[in-house]
Amino acid sequence: MISRLSGKLIEKIPPQIVIDVNGVGYEVDVSMQTFYTLPALNESVQVYTQLIVREDAHLLFGFATSTERATFRQLIKVSGIGAKTALGILSAMNSEELAQAVAQEDLKRLSAVPGIGKKTAERMVLELRGKLITANLDAGLFAQAVPNDETDDIISTLLALGYSEREAKGAVKDIPAGTEVGEGVRLALKNLMK
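Residues numbered from 1 in each chain as written. Predicted model: local features only at pLDDT ≥ 70, side-chain atom pairs only at ≥ 80, totals over all residues. Heavy atoms only, no water.

Digging into the sheet that holds strand 2 (residues 16–21)
Then step 1. Overall, mixed pairing links the 5 strands, which are arranged 1-2-3-5-4 in a closed barrel. On average, each strand axis in the sheet is tilted by 55° relative to the strand beside it, whichever way the strands run.
Then step 2. Looking at chain direction, strand 1 (residues 4–13) and strand 2 are connected through 5 bridges and run antiparallel. Counterpart to Lys8 in the pairing with strand 2 is Asp20.
Then step 3. Lying over the sheet, helix 2 (residues 66–75) contacts strand 4 (44–53) and strand 5 (58–63), oriented at roughly 15° with respect to strand 4. (Pairing = 2+ DSSP bridges. Helix = DSSP H or I, 4+ residues; strand = E, 2+ residues; numbered from the N terminus. Axes fitted to C-alpha atoms, helices over the stretch in contact; angles between N-to-C directions. Contact = heavy atoms within 4.5 Å.)

Listed below in structure tokens is the structure:
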């Protein structure tokens with residue numbers, strides 16, 4: 001799992017960017033929300049990532065914030081929404097706006113996104129209700145969690161093991177700062193077994 005990339009931004013052609021990480025160029029698809037926050041070419045950049053492995057390709061998606069990535073992960077769980085459609089949704093509205101539209105059951109706003117019809121919008125409301133993390137909630141959870149970069153890696157590993165976002169974030173809140181990822185996952189799994 002590739003959880004985060006830090007390097008030099010060497011190419012920007014919407015919706016794709018290329019990040020040079022120690023001589024290796026990673027092609028990353030990003031939402032327009034993330035694209036507009038990117039620095040100029042040849043500047044340092046960091047993005048949270050989600051790797052999607054398909055039979056015919058390995059696709060890497062990048063996000064400016066962990067909240068946007070968490071929203072993307074919830075979107076691709078919705079029946080009928082693939083990675084490209086989820087990226088389109090996050091280009092049309094940010095995570096906060098999407099969470100609000102789902103909470104208010106605003107089908108008109110959701111179906112205004114290209115590629116989203118009324119039935120898909122209804123499915124989104126049904127399947128995402130109460131599952132989207134807002135920036136305020138996310139900041140509160142991370143304030144209690146491990147205040148280092150390993151937190152995201154530990155959470156990503158727990159998500160890959162099938163735990164929910166809420167379970168994963170709750171499991172890491174008592175892990176001491178500076179804990180290695182492997183040890184952090186072991187401790188988190190121990191917390192989940194309690």
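With respect to the packing of aromatic side chains
Then step 1. Applying the stated criterion to the full structure yields 3 aromatic pairs.
Then step 2. Between Phe35 and Tyr36, the ring centres sit 6.2 Å apart and the planes meet at 80°, which makes this aromatic pair edge-to-face.
Then step 3. The class for Phe35 is buried, based on a relative accessible area of 12%.
Then step 4. Judged by its relative accessible area of 65%, Tyr36 falls in the exposed class.
Then step 5. Their ring planes at 35° and their centres at 5.3 Å tell us that Phe61 and Phe72 sit as a pair that is tilted. Taken as a pair, Phe61 in strand 5 and Phe72 in helix 2 lie far apart in primary sequence, 11 residues in all. The burial state of Phe61 is the same as that of Phe72; both residues are buried.
Then step 6. Every member of this aromatic cluster is reached through a ring pair, and the members are Phe61, Phe63 and Phe72. (Phe/Tyr/Trp six-rings, centres within 6.5 Å; stacked < 30°, edge-to-face > 60°. Buried < 20%, exposed > 50% of the residue type's maximum accessible area, 1.4 Å probe, protein only.)

With respect to the environment of Lys131
Then step 1. With respect to the secondary-structure elements, Lys131 resides in the loop between helix 6 (118–128) and helix 7 (135–144).
Then step 2. Note on Lys131: relative accessible area 47%, which makes it partly exposed.
Then step 3. Sequence spacing of Lys131 and Ala103 is 28 residues, and the spatial spacing of their C-alpha atoms is 9.8 Å.

Considering the side chain of Ser3
Then step 1. Counting through the fold element by element, Ser3 comes out in the segment before strand 1.
Then step 2. Apart from the residues within four sequence positions on either side, Ser3 is in contact with Val47, Tyr48, Thr49, Arg69, Asp152, Asp153 and Ser156.

So, the UniProt feature "domain: Helix-hairpin-helix DNA-binding motif class" (unreviewed entry) in the chain
Then step 1. As recorded in UniProt, the feature "domain: Helix-hairpin-helix DNA-binding motif class" (unreviewed entry) lies at residues 73–92 and 108–127.
Then step 2. The span residues 108–127 shows a helical share of 70% and a strand share of 0%, and its end C-alpha atoms are spaced 17 Å apart. (UniProt positions renumbered as here; feature names shortened; annotations may be inferred.)

A closer look at unusual backbone geometry
If a residue is not glycine, its phi is most likely negative; likewise, a peptide bond is most likely trans.
Then step 1. Omega for the bond connecting Pro14 with Pro15 falls within 30 degrees of zero, at 5°, which places this linkage in the cis form.
Then step 2. Examined against the element boundaries, Pro15 turns out to sit in the loop between strand 1 and strand 2.
Then step 3. We note that Glu105 has phi near 50°; this positive angle belongs to a residue other than glycine.
Then step 4. With respect to the element layout, Glu105 can be found in the loop between helix 4 (95–103) and helix 5 (107–111).
Then step 5. Residue Glu105 is classed as partly exposed on the basis of its relative accessible area, which comes to 44%.

Thoughts on the nonpolar core
Then step 1. Ranked by size, the top nonpolar core spans 26 residues in total, and within it Phe61, Phe72, Leu75, Ile89, Leu98, Leu110 and Met124 carry the most contacts.
Then step 2. When residues of this core are traced back to their parent elements, those giving at least two are strand 5, helix 2, helix 3 (83–92), helix 4 and helix 6.
Then step 3. With 5 residues, the top contributor of residues to this core is helix 3.
Then step 4. In contact with Phe61, other than residues within four places in its own chain, are Val28, Asp29, Tyr48, Thr49, Gln50, Ile52, Phe72, Ala83 and Leu87.
Then step 5. If you look at the next biggest cluster of nonpolar residues, it comprises 12 residues, including Ile19, Val21, Val30 and Leu60. (Core = buried A, V, L, I, M, F, W, Y, C linked by side-chain atoms within 4.5 Å.)

So, helix 9 (residues 165–172)
Then step 1. All of the buried residues along helix 9 are Glu165, Ala168, Lys169, Ala171 and Val172. Down the axis of helix 9, the buried side of the element spans an arc of 160°, and every buried residue falls inside it. (Arc of directions from axis to C-beta.)

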